[in-house]
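# Geometric and topological summary
What follows is the residue order along each chain.
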Protein chains: 2
Amino acid sequence: MTTGTVRKRRNRVVTRQSQDVRVADILKAAREIVAENGYEGVTVSEIAERAGIVEGTVYRYFKNKEELLLKVAEDWFVESFADLVDVSAISGTYNKLRYLIWHSLKTIKAGPAISRFIMTEVRPKPDYKETAVFDINRRYTAQIRNLFAEAIRSGEFSHDVPERLLRDMVFGTIEHSTWRFLRGEGDFDPAEIADEIAAVLYRGMSAKPPEDDKFSLLVDRLEKVADRLAQDAAGKS
Amino acid sequence: MTTGTVRKRRNRVVTRQSQDVRVADILKAAREIVAENGYEGVTVSEIAERAGIVEGTVYRYFKNKEELLLKVAEDWFVESFADLVDVSAISGTYNKLRYLIWHSLKTIKAGPAISRFIMTEVRPKPDYKETAVFDINRRYTAQIRNLFAEAIRSGEFSHDVPERLLRDMVFGTIEHSTWRFLRGEGDFDPAEIADEIAAVLYRGMSAKPPEDDKFSLLVDRLEKVADRLAQDAAGKS
DNA sequence: GGATCGTAATGAGGGCTATTCAACAATGCT
DNA sequence: AGCATTGTTGAATAGCCCTCATTACGATCC
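Residues numbered from 1 in each chain as written. Chains lettered and ligands numbered in written order. Predicted model: local features only at pLDDT ≥ 70, side-chain atom pairs only at ≥ 80, totals over all residues. Heavy atoms only, no water.

## What to know about helix H8 (residues 163–182) of chain A
All names here are of chain A. What counts is decided by this rule: Labels follow the DSSP assignment, with helices taken as runs of H or I lasting at least four residues and strands as runs of E lasting at least two, numbered in each case from the N terminus. Each helix should span, by expectation, one fewer than its residue count multiplied by 1.5 Å. Think of it in three bands: with a 1.4 Å probe and only protein chains considered, a residue is buried below 20% of the maximum accessible area for its type, exposed above 50%, and partly exposed in between.
For H8, with 20 residues, the first-to-last C-alpha span of 27 Å sits near the 28 Å given by 1.5 Å per residue. A large share of H8 lies buried, amounting to 16 of its 20 residues. Directly beyond the C-terminal end of H8, a positive phi value near 80° is found at Gly 184.

Spelled out as structure tokens, the structure:
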């Protein structure tokens, strides 16, 4: 139309674009297709077509399909967690916990196709830890850890739990709770599920601890008593 | 070599086999390749080659690659859970729970490649519920549910939790606990992890803490103290 | 034990992929 | 205007799953 473009073959317009624009177009097209057809039905040719380019051009900007789809997932994940507030602004341990869980559930519900992609394709990859997804999960987990640490310090929670296990319980339960939905077998209410999960976790941490260390100390003292008594008895006779 | 076989082209032997034998050969080959290369690297041609047949023959016995791999996963899963004992034979709620969790972890550790396949490929499928995997998980979950119901009835557990949530917590935590391992980033000890998970779940549900082995040991020591005192007293008189 | 026939097995190729690359052409610079 | 740079093309490649017409095995019958 304007200068800088020319018709090629039949009604095809070739335009040179800046990297930023092209990359954005490709990512937008890819994300749309994933959202519509699921990540399994994505083809590079369809992405190219929707982005108004040819397959080969995709490979100027992305090493391969895998890297492209990973970028799609990362971008979406970053955006989805951009509005995550710092839970120090929320009052009450239970409310903090509930908010974090709710936010994850909300995110999954908002983007089921890409969520599935992340769970089934991104997380299993050996280089998952170099991923923006991992990074965000890390920061998210840090909030949970802090929340628990604080509650323990204040005496609200009485148990300590390895951070790893804490993370696995929270994420694991959240993810597993959404599989029915992700499989397309009905809906779920993030607020409701978040309430349930938070309640169980909260309760689990509030219970009173077994005071086994105290028992050990007491028995130690008893043993010393016994030893003294035994020695006394031996010296006497 | 013998009657019923003939050389074709160069040193190829064509033999007609019963369905059972062929299916078994194909499944065996497929399972081996999955175990060796992971499910992502599996090709029908490689399966055929290892089974001593040609690609086309595979499709006489399996509708498509997907169905074949599903069968591999199902068979493996069935075998893996064949030795699952009925937990009514195990004494103590905590021990039952711990056993069930441990068994799952053990299974995952024994077959990481197929476990990954089940988690990332089988479970997301729309027809997952028609799967033997689903069926076994159902029975497994039933044991957990019974265990909890019984503990609540006896007063050992004070809280009730929706079955769905219970299942999601147990499975979710188990699975998430193994992702590092499944990604090839190190090992894990099923017994240790099972202990941790069971402890948290148990504590979360129970009014009282679990009376683990430490108490037994402490009592042992107390008994020894008593013995010493008794012996001393006896020697004195 | 030879002919018959249902069917197991073949292997070539079709259709669809992702990916590469030499040639081309639009743009910015001088 | 000419040139270098580099975005874009489109055809070609290789590999995959899957189909199907053809081949020939081997059980059955006479």
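## As for the nonpolar core
For clarity, the cut-off: Residues enter a nonpolar core if they are buried and are Ala, Val, Leu, Ile, Met, Phe, Trp, Tyr or Cys, with the set joined through side-chain atoms within 4.5 Å. Should any heavy atoms of two residues lie within 4.5 Å, those residues are counted as being in contact.
Within the largest apolar cluster, 134 residues are counted, with the highest numbers of intra-cluster contacts made by Leu68(A), Ile101(A), Leu68(B) and Ile101(B). Setting aside anything within four residues of it in sequence, one finds Leu68(B) in contact with Ile26(B), Leu27(B), Ala30(B), Ile47(B), Val58(B) and Phe62(B).

## A short note on the packing of helix H5 (residues 93–110) of chain A against helix H7 (residues 132–154) of chain A
Residue and element names in this part refer to chain A. The test is simple: What counts as an axis is a line fitted to C-alpha atoms, over the stretch in contact for a helix, and the angles between N-to-C directions run from 0 to 180 degrees. Each angle receives one of four descriptions, namely roughly parallel if under 35 degrees, roughly antiparallel if over 145, roughly perpendicular if within 65 to 115, and oblique otherwise. Crossings are assigned a handedness: left-handed for a near helix turned anticlockwise from the far helix by less than a right angle, right-handed for a clockwise turn. Charged residues are taken to be Asp, Glu, Lys and Arg, nonpolar residues to be Ala, Val, Leu, Ile, Met, Phe, Trp, Tyr, Cys and Pro, and polar residues to be all remaining types, Gly included.
Between H5 and H7, the least distance of the axes is 10 Å, while the angle of their chain directions is 165°. Overall, the two elements H5 and H7 adopt an arrangement that is roughly antiparallel. Seen from above, H5 lies across H7 with left-handed handedness. When H5 is examined against H7, the residues Thr 93, Lys 96, Leu 97, Leu 100, Ile 101 and Ser 104 are found in contact with a partner set consisting of Tyr 140, Gln 143, Ile 144, Leu 147, Phe 148, Glu 150 and Ala 151. The residue makeup of the contact of H5 with H7, split by class, is eight nonpolar, three polar and two charged.

## Remarks on the packing of aromatic side chains
Residues and elements named next belong to chain B. The condition that has to hold: Note on aromatic pairs: the rings of Phe, Tyr and Trp (six-membered ring only in Trp) are paired at centre separations within 6.5 Å, and the planes decide the class, stacked below 30 degrees, edge-to-face beyond 60, tilted for the rest.
Considering all chains together, one arrives at 22 aromatic pairs over all chains under this definition. Where Phe 77 meets Phe 81, the ring centres are 4.9 Å apart and the plane angle is 50°; that geometry is what we call tilted. The exposure classification of Phe 77 matches that of Phe 81, with both residues buried. A ring pair is formed by Tyr 128 and Phe 134, whose centres lie 5.4 Å apart and whose planes are at 80°; its orientation type is edge-to-face.

## Topic: helix H6 (residues 112–122) of chain A
Burial analysis of H6(A) places nine of its 11 residues in the buried class, the great majority of the element. All buried positions along H6(A) are accounted for by Ala113(A), Ile114(A), Ser115(A), Arg116(A), Phe117(A), Ile118(A), Met119(A), Thr120(A) and Val122(A). Structurally, H6(A) contributes buried residues whose contacts are with helix H1 (19–37), helix H4 (65–80), H5, H7 and H8 of chain A together with helix H6 (112–122) of chain B.

## Regarding the side chain of Lys96(B)
Residues and elements named next belong to chain B. Defined as follows: The convention is simple: Lys and Arg are positive, Asp and Glu are negative, and His and the chain ends are not counted. Salt bridges are counted wherever a side-chain nitrogen of Lys or Arg sits within 4 Å of a carboxyl oxygen of Asp or Glu.
Looking at where Lys 96 falls in the secondary structure, it is placed in helix H5 (residues 93–110). It is Glu 150 that comes nearest to the buried, bridge-free Lys 96 among opposite-charge side chains, at 4.5 Å. Here Lys 96 is in contact with Val 87, Ser 88, Ile 90 and Leu 147, once residues within four sequence places are set aside.

## Examining the packing of H4(A) against H6(A)
How two helices sit against one another is set out by the angle between their axes and by the gap between those axes. All names here are of chain A. At a closest axis distance of 10 Å, the pairing of H4 and H6 adopts a crossing angle of 125°. Between H4 and H6, the angle is such that the two are oblique. H6 is crossed by H4, and the crossing has left-handed handedness. Side by side, H4 and H6 meet where Leu 69, Leu 70, Val 72, Ala 73, Trp 76 and Phe 77 of the first sit next to Ile 114, Ser 115, Phe 117, Ile 118 and Val 122 of the second.

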